[in-house]
Amino acid sequence: MRTPISYFVALSAILFAIGTVGVLVRKNALVIFMSVELQLNAVNLALVAFSRMHGNLTGQVLAFLSMVVAAAEVVVGLAIIVNVYRRLHSANVDDASLLRW
Amino acid sequence: MAPDHIVFWVFAPISVGSAVAVLVQRNAVHSALFLIVNFFTLAVFYLVLGAPFLFAVQIIVYAGAIMVLFLFVIMLLGVDRDESLVERLRGQRPMAILLGLGLAAEVFVTVRASIGLARGPADFDQVVNEGGNAEALSRVLFRDYFLPFEVTSILLIVAAVAAMVLAQERERARTRAEAEAFQVAGPGGGVRT
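Reference entry: report on the structure contained in this document.

Let us look at the overall build of chain A. If you tally the helices and strands in chain A, you get 3 helices and 0 strands. Its C-alpha atoms give chain A a radius of gyration of 17 Å, clearly above 13 Å, the size a compact globule of 101 residues would have. Overall, the C-alpha framework of chain A stretches about 50 × 25 × 20 Å when taken along its three principal axes. The 101 residues of chain A split such that 56% are buried. Nonlocal contacts in chain A, meaning residues at least 24 apart in sequence, comprise 46% of its contacts between residues at least 6 apart.

And the structure:
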């Protein structure tokens, strides 16, 4: 492989930044959740790239475990979004403001 | 030009473009479809980086299972209403984009200063992935990282039970705050439970 590892890490940084902007900008809870997935995937890419750079598989194991955690997180998060939607009849995060001061 | 160079420069713009498209699409279903494109490009990068097992897992778990779950919930909730464009905080959007660019720039500088243009060992596939990536990965996973692996199984059970409890529809005792809001607003007002 001739591509420098930093290219992949830089791409991962770009994807992570896009995911961050998505979390901050969008109002739909589902799209915010998708942006969080984008961030998780960006971190996974960085882990796999570092695994390649250091010449061992620890990074790939970490990426694998983080995929499992992401799957669990999606299940619980979507259940919470469905629950909030049932209460408020809206997936807009601005409407869920009961705990606001 | 090395083949992995070509793969990188073909798929990196697709990856970034689909990630941006996830944000700018008004319709949540379109966002989900662009997210699937993004997951597939990441799977290709895993293949280039010498992780064919994660390539398969990425497609099966992310592009398959997780996105089906997303689309299922989108259809359950209905997406035909437009997202409101009212900004609760003035200037939040430009600030968010500015901070995102700042974050990317910071990581760029850090990466440039720390790893530069390092390439890693050239014999990764022969030495580290000896006997195939899945076999080498399972060797590491079941020897050195066996406890974390078992803990994730507990996490998955807890998540499955939590999802069932949260998704269950049942009559719920009204909390005091909700009862007061109900009395003030009268039936039909306040938050529907």
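The structure having been displayed, the exposition proceeds.
Time to look at the overall build of chain B. When you go through chain B residue by residue, the secondary structure sums to 8 helices and 0 strands. Shown N-terminal to C-terminal, the secondary structure of chain B runs as helices and strands in the order α-α-α-α-α-α-α-α. Per-residue burial for chain B yields a buried fraction of 22% across its 193 residues. Once local pairs closer than 6 in sequence are excluded, the contacts in chain B between residues at least 24 apart make up 47%.

All right, on to the interface of chain A and chain B then. Facing the 65 residues of chain A at the interface are 76 residues of chain B. Tallying contributions element by element places helix α3 (residues 58–88) of chain A first for the side of chain A that touches chain B, with 23 residues. Across the side of chain A that touches chain B, the residue classes tally to 45 nonpolar, 13 polar and 7 charged.

What follows is about helix α6 (residues 133–143) of chain B. Residues and elements named next belong to chain B. Within α6 the residues assigned to the buried category are N133, A136 and L137. Viewed end-on, α6 has its buried residues packed into an arc of 100°, placing them on one side of the element. Residues E135, F142 and R143 are exposed on α6 and point more than 90 degrees away from its buried face.

Moving on to the nonpolar core. Grouped together as the largest cluster of nonpolar side chains are 70 residues, with contacts concentrated most on L30, M34, L45, V48 and A49 of chain A together with Y46 of chain B. Listing elements by their share of this core, those giving two or more residues are α1 (5–25), α2 (29–54) and α3 of chain A together with α1 (3–24), α2 (28–48), α3 (52–77), α6 and α7 (146–167) of chain B. Looking at which element gives the most residues to this core, the answer is α2 of chain A, with 15 residues. With residues near it in sequence (within four places) discarded, M34 of chain A still touches V22, S31, A32, L35 and F70 of chain B.

On to the environment of R87 of chain A, then. Residue and element names in this part refer to chain A. Summarising the element assignment, R87 is placed in helix α3. For R87, a count of 13 C-beta atoms within 10 Å corresponds to the partly exposed category. Along the primary structure R87 and L38 are separated by 49 residues, whereas in three dimensions their C-alpha atoms are 28 Å apart.

Before going further, it helps to examine unusual backbone geometry. The phi dihedral of H89 of chain A is positive, around 55°, even though this residue is not glycine. Checked against the element boundaries, H89 of chain A lands in the segment after α3.

Below, the discussion takes up the environment of G59 of chain A. Residues and elements named next belong to chain A. Looking at where G59 falls in the secondary structure, it is placed in helix α3. Distance from G59 to V21, taken between C-alpha atoms, is 26 Å for residues 38 residues apart in sequence. Here G59 is in contact with L47, V48, F50 and S51, once residues within four sequence places are set aside.

In this section: α1 of chain A. The end-to-end C-alpha distance of α1 of chain A, which contains 21 residues, comes to 30 Å, matching closely the 30 Å that a straight helix rising 1.5 Å per residue would cover. Of all the 21 residues making up α1 of chain A, 17 are buried; the element is thus mostly covered by neighbouring parts of the structure.

We now examine the packing of α1 of chain A against α1 of chain B. Interhelical geometry of α1 of chain A versus α1 of chain B gives an angle of 10° and a closest axis separation of 9 Å. For the element pair α1 of chain A / α1 of chain B, the angle class is roughly parallel. Note on element contacts: α1 of chain B touches α1 of chain A through F8, A12, S15, V16, A19, V20, V22 and L23 of chain B, opposite Y7, L11, I14, L15, I18, V21, G22 and V25 of chain A. Residues belonging to the contact of α1 of chain A with α1 of chain B are distributed by class as follows: 14 nonpolar, 2 polar and no charged.

Where α3 of chain A meets α7 of chain B, the axes come as close as 9 Å, and the angle between the chain directions of the two elements is 10°. Between α3 of chain A and α7 of chain B, the angle is such that the two are roughly parallel. Here L65, V68, V69, A72, V75, V76, A79, I80, V82 and N83 of chain A of α3 of chain A come into contact with α7 of chain B, specifically with P148, T152, L155, L156, A159, A160, A162, A163, L166 and A167 of chain B. Class assignment of the residues belonging to the contact of α3 of chain A with α7 of chain B gives a composition of 18 nonpolar, 2 polar and no charged.

Tracing the chain through its elements places R100 of chain A in the segment after α3. When the 6 C-beta atoms within 10 Å are taken as the criterion, R100 of chain A is described as exposed.

Each value, and the rule that gives it
- Residues numbered from 1 in each chain as written.
- Chains lettered and ligands numbered in written order.
- Predicted model: local features only at pLDDT ≥ 70, side-chain atom pairs only at ≥ 80, totals over all residues.
- Helix = DSSP H or I, 4+ residues; strand = E, 2+ residues; numbered from the N terminus.
- Rg over C-alpha atoms; globule rule 2.2 N^0.38 Å.
- Buried ≥ 20, exposed ≤ 12 C-beta atoms within 10 Å, placed from the backbone.
- Contact = placed C-beta atoms within 7 Å.
- Nonpolar A, V, L, I, M, F, W, Y, C, P; charged D, E, K, R; others polar.
- Arc of directions from axis to C-beta.
- Core = buried A, V, L, I, M, F, W, Y, C linked by C-beta atoms within 7 Å.
- Expected span 1.5 Å × (residues − 1).
- Axes fitted to C-alpha atoms, helices over the stretch in contact; angles between N-to-C directions.
- Parallel < 35°, antiparallel > 145°, perpendicular 65-115°, else oblique.

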